[in-house]
Amino acid sequence: MNGDELRHLLAIHEDISRVMKDPRFPPPNRWGSDLRMFVVTALWVIAVERAPKGTRIPRVCEVMHLDNFHFWELIRSDLPRYEPDTMYRDGGCVAVLPRAKRRCGKGTVWAFSVTNPVDGTWELVGYCSRHREEGRAAEAAERRRKQAGGIPTPLPNRGGLLPCYLPWDWSKNYAKADSNWEPPAVGIRADDWPVLTKVEAAHPTPPKLTVVSGAFEFEEPDASEADAGPPQLRLIGSDKQGRVE
Ligand SMILES: [Zn+2]
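Worth saying up front: this structure is predicted, and the values here are computed from it rather than measured.

The rules behind these values
- Residues numbered from 1 in each chain as written.
- Predicted model: local features only at pLDDT ≥ 70, side-chain atom pairs only at ≥ 80, totals over all residues.
- Helix = DSSP H or I, 4+ residues; strand = E, 2+ residues; numbered from the N terminus.
- Buried ≥ 20, exposed ≤ 12 C-beta atoms within 10 Å, placed from the backbone.
- Contact = placed C-beta atoms within 7 Å.
- Pairing = 2+ DSSP bridges.
- Axes fitted to C-alpha atoms, helices over the stretch in contact; angles between N-to-C directions.
- Parallel < 35°, antiparallel > 145°, perpendicular 65-115°, else oblique.
- Left-handed = near helix turned anticlockwise from the far one by under 90°.
- Core = buried A, V, L, I, M, F, W, Y, C linked by C-beta atoms within 7 Å.
- Arc of directions from axis to C-beta.
- pLDDT = per-residue confidence, 0-100.

Caption draft 1: Summary view of the overall build of the protein chain. When helices and strands are counted, the protein chain shows 11 helices and 4 strands. Relative to its 245 residues, the protein chain shows a buried fraction of 24%. Pairs at least 24 residues apart make up 69% of the contacts formed inside the protein chain by residues separated by at least 6 positions.

Next comes the structure, spelled out in structure tokens:
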């Protein structure tokens with residue numbers, strides 16, 4: 001093994017360990033598909049197996065046993081978007097008990113979203129049957145806020161991890177995974193989002209993709225690579241004999 005090979009292997013090792021330590025990855029989705037393992041497998045397929053361009057996504061799917069449906073569900077789970085941190089179900093009724101100075105917490109009978117007009121973030125809140133009046137007042141206030149207009153689009157706080165690690169055209173893939181999705185103004189890459197500065201500070205290692213690009217001859221984001229995924233996957237699904245180039 002020469003020096004270049006060794007550097008190559010060490011860089012892959014570092015990249016994979018960065019993915020493994022990244023706290024932003026969600027747990028496996030409801031079908032058990034794991035986005036973190038998808039990224040690790042893709043890095044492996046690109047840098048170690050050196051699968052030729054156009055065969056990489058199908059190869060990753062083959063290793064992970066992802067069919068067309070599960071592949072796109074996994075991509076969908078990484079859509080850059082805003083999502084509230086907590087759902088009302090976690091804490092029950094949000095009405096504040098004046099004496100106890102805490103939230104009621106009882107089982108809720110109805111819920112709705114409450115928007116922060118400053119940054120556009122929203123959360124679902126619920127009220128129990130005893131606190132109907134409080135709920136009605138809060139719901140009316142929300143209606144007034146929405147009618148007043150001018151609520152900004154919230155910054156994304158979920159997804160956007162694939163573009164941090166894999167040099168493929170994720171804008172195109174996200175749009176394909178969900179036709180209603182719109183790219184956030186701050187970009188699709190979670191590393192670039194201002195709301196994630198806390199996470200970045202906890203893990204100060206800068207993204208390595210540019211370094212890796214030179215060493216491994218990664219191509220620029222490439223739409224044809226993205227396109228190579230689904231049609232070939234369908235072929236894998238229908239013909240278990242092997243991959244189709
Ligand atoms: Zn209550």
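This is not the end of the story, as more comes after the structure.
Caption draft 2: Structural context of the pairing of strand 4 (residues 122-127). Where strand 3 (residues 110-115) and strand 4 come together, 6 bridges link them in antiparallel fashion. Residue pairing in the sheet places Ser113 in a bridge with Leu124 of strand 4. Where strand 3 folds back on strand 4, the antiparallel hairpin that results is connected by 6 residues, among which Gly120 adopts a positive phi of roughly 80 degrees.

Caption draft 3: Expanded view of the packing of helix 4 (residues 68-76) against helix 8 (residues 170-177). As a packed pair, helix 4 and helix 8 sit with axes 9 Å apart at the nearest point and diverge in direction by 110 degrees. The angle between the axes of helix 4 and helix 8 places the two elements in the roughly perpendicular class. The element helix 4 and its partner helix 8 pack so that their crossing is left-handed. Residues Trp72, Ile75 and Arg76 of helix 4 lie in contact with helix 8, whose contacting residues are Asn173, Tyr174 and Ala177.

Caption draft 4: The arrangement of the nonpolar core in detail. Val39, Ala42 and Tyr165 are the most contacted members of the largest nonpolar core, which has 28 residues in total. Only helix 2 (35-47), helix 3 (56-64), helix 4, helix 7 (162-165) and helix 8 provide two or more residues apiece to this core. Of all the elements, helix 2 adds the most residues to this core, at 8 residues. Residues Cys93, Val94, Ala95 and Tyr127 belong to the second largest nonpolar core, which totals 6 residues.

Caption draft 5: Representation of helix 3 in the model. Every buried residue of helix 3 is accounted for by Arg56, Ile57, Pro58, Arg59, Val60 and Cys61. His65 lies just past helix 3 and shows a positive phi near 55 degrees.

Caption draft 6: Spatial organisation of helix 8. Taken residue by residue, helix 8 has Trp170, Asn173 and Tyr174 as its buried positions. Down the axis of helix 8, the buried side of the element spans an arc of 100 degrees, and every buried residue falls inside it.

Caption draft 7: Main features of unusual backbone geometry. Despite not being glycine, Arg50 has its phi angle at roughly 50 degrees, a positive value. Of note, Arg50 is situated in the loop between helix 2 and helix 3. One non-glycine residue, His65, adopts positive backbone phi at about 55 degrees. The class for His65 is exposed, based on 9 C-beta atoms found within 10 Å.

Caption draft 8: Structural context of the confidence of the model for the protein chain. Averaged over every residue, the pLDDT of the protein chain is 81; residues scoring 70 or more account for 77%. This stretch, residues 196-245, has a pLDDT under 50; its non-local contacts, to residues over four places away or in other chains, come to 70 contacts.

Caption draft 9: Local environment of the environment of Val63. Summarising the element assignment, Val63 is placed in helix 3. Taking the C-beta count within 10 Å as the criterion, Val63 has 15 such neighbours and is therefore assigned partly exposed. For Val63 and Phe38, which are 25 residues apart along the polypeptide, the C-alpha to C-alpha distance reads 9.4 Å.

Caption draft 10: Up close: the packing of helix 1 (residues 3-21) against helix 2. Between helix 1 and helix 2, whose axes approach to 9 Å, the crossing angle comes to 170 degrees. One element, helix 1, and the other, helix 2, form an angle in the roughly antiparallel class. Residues Ile12, Asp15, Ile16 and Val19 of helix 1 form the contact with helix 2, whose own contacting residues are Arg36, Val39, Val40, Leu43 and Ala47.

Caption draft 11: Inspection of the environment of Val96 at higher detail. Its place among the elements puts Val96 in strand 1 (residues 96-97). Each C-alpha atom, one on Val96 and one on Glu134, is 9.2 Å from the other, the two residues being 38 residues apart in sequence.

Caption draft 12: Representation of the environment of Ser171. Structurally, Ser171 is set in helix 8. In this structure, the C-alpha to C-alpha distance between Ser171 and Gly187, residues 16 residues apart in sequence, is 9.3 Å. Non-local contacts of Ser171, meaning those with residues more than four positions away in its chain, are made with Pro183 and Ile188.

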